[in-house]
Number of protein chains: 2
Amino acid sequence: MELHEPELRDVPVTALLAALADDVRLQIVRALAEGGEYACGTFEFGVSKATRSHHLKVLREAGLTRTRVAGTSRYVRLRRDELDRLYPGLLDAVLTVPTRS
Amino acid sequence: MELHEPELRDVPVTALLAALADDVRLQIVRALAEGGEYACGTFEFGVSKATRSHHLKVLREAGLTRTRVAGTSRYVRLRRDELDRLYPGLLDAVLTVPTRS
DNA sequence: GAGCTGGTTCGACGAAAGTCGAACAACGGT
DNA sequence: ACCGTTGTTCGACTTTCGTCGAACCAGCTC
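This report concerns the structure included in the present document. (Residues numbered from 1 in each chain as written. Chains lettered and ligands numbered in written order. Predicted model: local features only at pLDDT ≥ 70, side-chain atom pairs only at ≥ 80, totals over all residues.)

**A closer look at the environment of Ser73 of chain B**
Residues and elements named next belong to chain B. Note on placement: Ser73 falls in strand E3 (residues 73–78). Among the residues examined, Ser73 registers 11 C-beta atoms within 10 Å and is labelled exposed. With 63 residues separating them along the chain, Ser73 and Asp10 place their C-alpha atoms 28 Å apart. (Helix = DSSP H or I, 4+ residues; strand = E, 2+ residues; numbered from the N terminus. Buried ≥ 20, exposed ≤ 12 C-beta atoms within 10 Å, placed from the backbone.)

**What to know about the interface of chain A and chain B**
At the interface, 21 residues of chain A touch 21 residues of chain B. At the level of elements, helix H1 (13–20), helix H2 (23–34) and helix H5 (90–95) of chain A are the ones that each hand at least two residues to the side of chain A that touches chain B. Broken down by class, the residue content of the side of chain A that touches chain B amounts to 13 nonpolar, three polar and five charged. (Contact = placed C-beta atoms within 7 Å. Nonpolar A, V, L, I, M, F, W, Y, C, P; charged D, E, K, R; others polar.)

**Remarks on the relation of the copies chain A and chain B**
Related by rotation about an axis and a shift along that axis, the two copies of the chain form a pair. At an RMSD of 0.0 Å, chain A and chain B line up after a rotation of 180 degrees and a shift of 0.0 Å along the axis. The operation mapping one copy onto its partner corresponds to a two-fold rotation axis. Here 100% of the contact residues of chain A are again contact residues in chain B; the copies associate through an equivalent surface. (Least-squares fit on C-alpha atoms with pLDDT ≥ 70 in both.)

**Side note on the protein's contact with DNA strand D**
DNA strand D sits among 23 residues. The nearest are Gly41, Ala50 and Ser53 of chain A together with Ala50 and Gly71 of chain B. It is helix H3 (residues 49–61) of chain A that contributes the most residues to the surface near DNA strand D, six residues altogether. In terms of residue class, the surface near DNA strand D is made up of nine nonpolar, 10 polar and four charged. (Near = placed C-beta within 6 Å.)

**Considerations on the protein's contact with DNA strand C**
The full set close to DNA strand C counts 22 residues, and Val47 and Ala50 of chain A together with Gly41, Ala50 and Ser53 of chain B are the nearest of them. The biggest single contributor to the surface near DNA strand C is helix H3 (residues 49–61) of chain B, with six residues. Considering only residue class, the surface near DNA strand C consists of eight nonpolar, 10 polar and four charged.

**Considerations on the pairing of E3 of chain B**
Residue and element names in this part refer to chain B. Across two bridges, the pairing between strand E1 (residues 38–39) and E3 is antiparallel. Within the sheet, the bridge partner assigned to Ala39 lies in E3 and is Tyr75. By the bridge criterion, six bridges tie strand E2 (residues 65–70) to E3 in an arrangement that is antiparallel. Within the sheet, the bridge partner assigned to Arg66 lies in E3 and is Arg77. Between the end of E2 and the start of E3, which pair antiparallel, lie two residues, with Gly71 showing a positive phi angle near 65 degrees. (Pairing = 2+ DSSP bridges.)

See below:
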């Protein structure tokens, strides 16, 4: 299993944004932002296994997440510090639900 | 001509991100971030008139730009202050070209 | 009015993206 | 060895998106 997780600076910004520009993936990112690691199966957002796997792959290849393999499970976590360093404010802006005043 | 420019808080974040997740549109936004208003025709990024018009529409309907009609021309500007208020850091993060160290 | 100019709208087309079920692979436990 | 659990991969299908040329519309100018 090739887990290729790109260097963040090699990922074009548009790819990053595209990865975030999906409802399911944004939900995943929001969940990941809460805490540390989550097993893939944690994310039940009304999509099939196959689709969930697909979205996690997109996130990983966009440089947003890192995946650790442990036995039969995979644990995913957000590459928050790297992201904050390269794109300060991006994650915070995206994760903050705008105040509906 | 209905210039419908949505309230920024009514635009889902994903729509905003999707609007930014395109090379041509990001170039436009970068250009707009430089200064004030630009006529639509200013943007020559290797796409046809029709395509340019399409992209400007996407940006407008995502709440990213405002358009002023003046005679036969339209002047576009970035809704920067609103964006910064609702999503602080987002534009800066996106506009900043990451240092390739 | 005729003609030009700046933009939009309308199909149409190909490429890409999201979704699913089914098949598969790998590991763990009994 | 078998089975259940976890997750990936493989078509296939549908929808969306970017792109273009052509037609169109609205002002401006002569």
